[in-house]
Amino acid sequence: MTTDDNKSIDEVLLQEELQEQMAFMQKIKKENLAYTEETGKHRYFYNLAMGCQMNAHDSEKLEGMLTEMGYLKTTNETDADFIIYNTCCIRENAEQKVYGKLGWLKHYKKSNPDAIVALCGCMMQQDTVLNTIKSKYKHVDIIFGTFNLYKLPELIATRKETGEMTIDIWEENRLIVENVPTIPSFSYKGAVNIMYGCDNFCAYCIVPYVRGRERSRNPEDILAEIRGLVSQGMKEILLLGQNVNSYGKKLDSPITFAELLRQVNEVEGLERIRFMTSHPKDLSDDLIAAMRDCDKVCHYLHLPVQSGSTNVLRRMNRKYTKESYLELVRKVKSAIPDIAISTDIIVGFPGETEEDFQDTLDVIREVRYSTAFTFLYSKRTGTPAATMEDQVPEDVMKDRFDRLLKVLNPLIHEENHKQIGTTQMVLVEEVSKQKDTILTGRTDNNTLVHFEGSKELIGSIVPVKIVDNKTFYLIGERI
Ligand code: 5AD
Ligand code: SF4
C-alpha cells in the first residue's frame, strides 16, 4: 500500500517515529543546556562499543544521538554523566567483560548517583542476561537491544521521568529506520550498513537469535549515504552486513551484491570500497567478476572458513566442504592474483577430532591467508552446538589452538614478505601510539604499514615503499 506521495505506509510510519525521537532529543537538549547554565558544567557521555564492526557502527549512531541531545563526549569513563556500553555476546569472554564493568559501575554510581548507565546491543537480546541484570545489577538505568537503537532519546526521557530501570527489548524489527543522526569515528573512512540480521543459523552462532532475520537496505538509501560521506571527505567505505553475499535478494526490486558493488564503484570521489562479511556458500562468480572489474574495490577478501574439515563444516551447518572452499579460493585467486584473503577459524567445535583439526591446518597451508582471526569454541546457550555431544575438553582445545598459531603465523609472515620492495598506496590512518613521528595506515589489501611522516598526511592516500616485515605489520618508507 502507498500514500499520495508514493511512500509506503511503513516509510511514513518510520518517518513519524524518527520525528518523535527528534522531539525527545530537543527536550533532553534543553534540560542539558539548563544544567550548564545553572552549574557552569557540561554533561558528558562515555560510549563504549564492544564486539564487531556492526556494533562499532551502531555506536556511531548512539554518539550522533547523544551529541544531538547536548551531551559532550569524554573518553574518560570517570568523567561521564551518561555511560553506555554496546555489548557483544559472540563468545563467553565478551559477556564476562560486561559483568566485570558492571561491578565497577556499582561503585561509580555510589559516588555519582546522578550518572545514567545504559546497556544495549546483542547481549541484551538474551532473556537470561536480562534476568541476571534485573536481579543483580539494579544500578543499571536503561536497557535496550539491537532492534530499537533509535529509541535512545525516548528511553532517556522515560528514565528521567520515572526514576526507574527502563527496559525496552524487541524480538524483531523488520523495518529499517533511516537517517538516525550519526557521528563517524574517522574523517577519512566510514562504515555503511547494507543489511541487518542473519538467516544462516551456523550451529555455534548466537547472531541470528540476537540480530534477527536478514533485511537489506534499499540501494538508493545506501548510495545516498555513501555520497553524503564522500562529500564530507571520506575516501574509504566499508559495506557492512553479516552475510553481504545474500544482499538484496528479498527486496521488492531484488538486486545482487555484485550489482550494488558496481553502483557504489560509480560514486565520484570515493577511492576505496571494502565489504564484510562474505559467506563462502554465497560467493558468486558474478561477485568475483565485480571485484575484479571495479577499480575502487580493494583486493582483499575476508572469507571465514571456520573449520577445514568437511565433517565439522556439515555439523556447523556451513553448507560448503573443504574442497568447495578451496576451489572457491582458487577461483578468486586466479581472477584477482594479488588478492589478500583473511579468515575466521574456530578451534574445538563439538566433536572435532585430531583428524578434523589436521584438515584445518591443510586449508591454512593451501590458502596462505594474509591474516586470520582465531577463536576457541565458546558454548552459547540456545544454539544447536551447545547441546551437541562430544564437547572438546578445554586442554585439548587450547593445545590445538597453540599448534594452529604455530602453523598460521609463519605463513602470514611469508605472505607479507612478498610485499617487501613493492610500492603500496597507503591510506594514512593515525599517528602511532608508540612514537609520534610514525604514521600507521593500510594498503589496498588491508595490511597495516608503519612509516615515518607527519600527521598532516592523515586521511590521504600516499605511495609507500615496503622495506621490512614484522608479520602483523609492515615497515615502509614514504616515496
Ligand atoms: N565460539 C567461538 N567463535 C565464534 N564465532 C562465532 N560464534 C562463535 C562461538 N560460539 C566466531 C566465528 C565468526 C566470528 C565473528 O566469531 O569465527 O566468524
Ligand atoms: Fe557483532 Fe555478533 Fe558480537 Fe553482536 S554478537 S556484536 S553481531 S560479533
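Residues numbered from 1 in each chain as written. Chains lettered and ligands numbered in written order. Predicted model: local features only at pLDDT ≥ 70, side-chain atom pairs only at ≥ 80, totals over all residues. Heavy atoms only, no water.

(A) Fine view of helix α1 (residues 9–39). Between its first and last C-alpha, α1 extends 45 Å over 31 residues, near the 45 Å set by a 1.5 Å rise per residue. Where α1 is buried, its residues touch α2 (53–68) and α5 (152–162). G40, located one to two residues past α1, shows a positive phi value of around 75°. (Helix = DSSP H or I, 4+ residues; strand = E, 2+ residues; numbered from the N terminus. Expected span 1.5 Å × (residues − 1). Contact = heavy atoms within 4.5 Å.)

(B) The arrangement of the layout of surface pockets in detail. Within this model, the second largest pocket holds a volume of roughly 920 Å³. S8, E11, I176, N218 and D221 are the residues nearest the centre of the second largest pocket, which is lined by 30 residues in total. At the level of secondary structure, the elements contributing two or more residues to the lining of the second largest pocket comprise α1, β9 (215–216) and α7 (219–231). At 6 residues, the largest contribution of residues to the lining of the second largest pocket is made by α1. (1 Å grid on protein atoms, 1.4 Å probe; cavity = no way out; pocket = protein on both sides within 12 Å on 5 of 7 lines; lining within 4 Å. Points joined across faces, edges and corners; volume = space filled by probe spheres on them.)

(C) How the structure looks around the sheet that holds strand β11 (residues 272–276). Across the sheet, which stays open at both edges, the 3 strands sit in the order β7-β10-β11 with parallel pairing between neighbours. For this open sheet the edge positions go to β7 (189–193) and β11, each flanked by a neighbour on one side alone. Neighbouring strand axes in the sheet, compared pairwise and without regard to direction, differ in orientation by 25° on average. With 5 bridges joining them, strand β10 (residues 236–240) and β11 adopt parallel strand pairing. Looking at β11, one finds that L238 is bridged to R274. This element, α2, spans β7, β10 and β11 of the sheet and lies at about 100° to β7. Contacting β10 and β11, helix α8 (residues 257–265) runs over the sheet at an angle of about 155° to β11. (Pairing = 2+ DSSP bridges. Axes fitted to C-alpha atoms, helices over the stretch in contact; angles between N-to-C directions.)

(D) Representation of the packing of aromatic side chains within the structure. Scanning the entire structure with this criterion turns up 10 aromatic pairs. With 6.3 Å between their ring centres and 85° between their planes, Y204 and F349 make a pair best called edge-to-face. Of this pair, Y204 sits in the loop between β8 (195–196) and α6 (207–211) while F349 sits in the loop between β13 (340–347) and α12 (354–367); the two residues are 145 residues apart in sequence, bridging distant segments of the chain. Classification of Y204 by relative accessible area gives buried; the value is 10%. (Phe/Tyr/Trp six-rings, centres within 6.5 Å; stacked < 30°, edge-to-face > 60°. Buried < 20%, exposed > 50% of the residue type's maximum accessible area, 1.4 Å probe, protein only.)

(E) Main features of the domain arrangement of the protein chain. According to the domain assignment, the protein chain consists of domain 1 (9–168), domain 2 (184–288), domain 3 (299–418) and domain 4 (423–478). The interface is formed by 5 residues belonging to domain 1 together with 4 residues belonging to domain 3. Overall, the association of domain 1 and domain 3 removes approximately 410 Å² of surface from exposure, summing both partners, and the carbon and sulfur fraction of that is 44%. In this structure, the salt-bridge partner of R380 is E95, at a minimum N-O distance of 3.3 Å. Linking domain 1 with domain 3 are 3 residue pairs in polar contact (both at pLDDT 80 or more). For the side of domain 1 that touches domain 3, the class distribution of residues is 2 nonpolar, no polar and 3 charged. (Domains from an automatic or database assignment. Buried area = accessible area lost by both parts, 1.4 Å probe. Salt bridge = Lys/Arg side-chain N within 4 Å of Asp/Glu carboxyl O. Polar contact = N/O pair within 3.5 Å; in protein donor to acceptor, adjacent residues only side chain to side chain. Nonpolar A, V, L, I, M, F, W, Y, C, P; charged D, E, K, R; others polar.)

(F) Examining the site of ligand 1 more closely. Around ligand 1 sit I90, R91, Y204, Q306, D344, I346, F375, L376, Y377, S378 and R380, and that is every residue in its neighbourhood. Separating a nitrogen atom of ligand 1 from a backbone N or O atom of Y204 is a distance of 3.1 Å. One of the side-chain N or O atoms of D344 is found 2.6 Å from an oxygen atom in ligand 1. Against a free-state accessible area of 400 Å², the protein chains account for coverage of 86% of ligand 1. When residues of the shell around ligand 1 are traced back to their parent elements, those giving at least two are β13 and β14 (371–376). (Near = heavy atom within 4 Å. Areas by Shrake-Rupley, 256 points an atom, 1.4 Å probe, with all protein chains shown as cover.)

(G) Quick peek at the pairing of strand β15 (residues 423–431). Sheet analysis places β15 next to strand β18 (residues 461–469), joined by 5 bridges and oriented antiparallel. Bridged to T423 within β18 is K465. With 5 bridges joining them, β15 and strand β16 (residues 438–443) adopt antiparallel strand pairing. Its bridge partner being in β16, E430 is matched across the sheet by T440. Linking β15 to β16, which pair antiparallel, is a turn of 6 residues.

(H) Main features of the pattern of salt bridges. Overall, the coordinates contain 37 salt bridges when judged by the stated rule. For R159, the salt bridge goes to D141, with nearest N and O atoms at 2.7 Å. Taken together, the positions of R159 in helix α5 and D141 in the loop between α4 (127–136) and β5 (142–144) put the pair 18 residues apart, joining distant regions of the chain. Of the residues examined, R159 reaches a relative accessible area of 17% and is grouped as buried. D141 gets classed as buried once you look at its relative accessible area, which sits at 3%. Among the ionic pairs, D282 bridges to K281, the shortest N-O distance being 2.9 Å.

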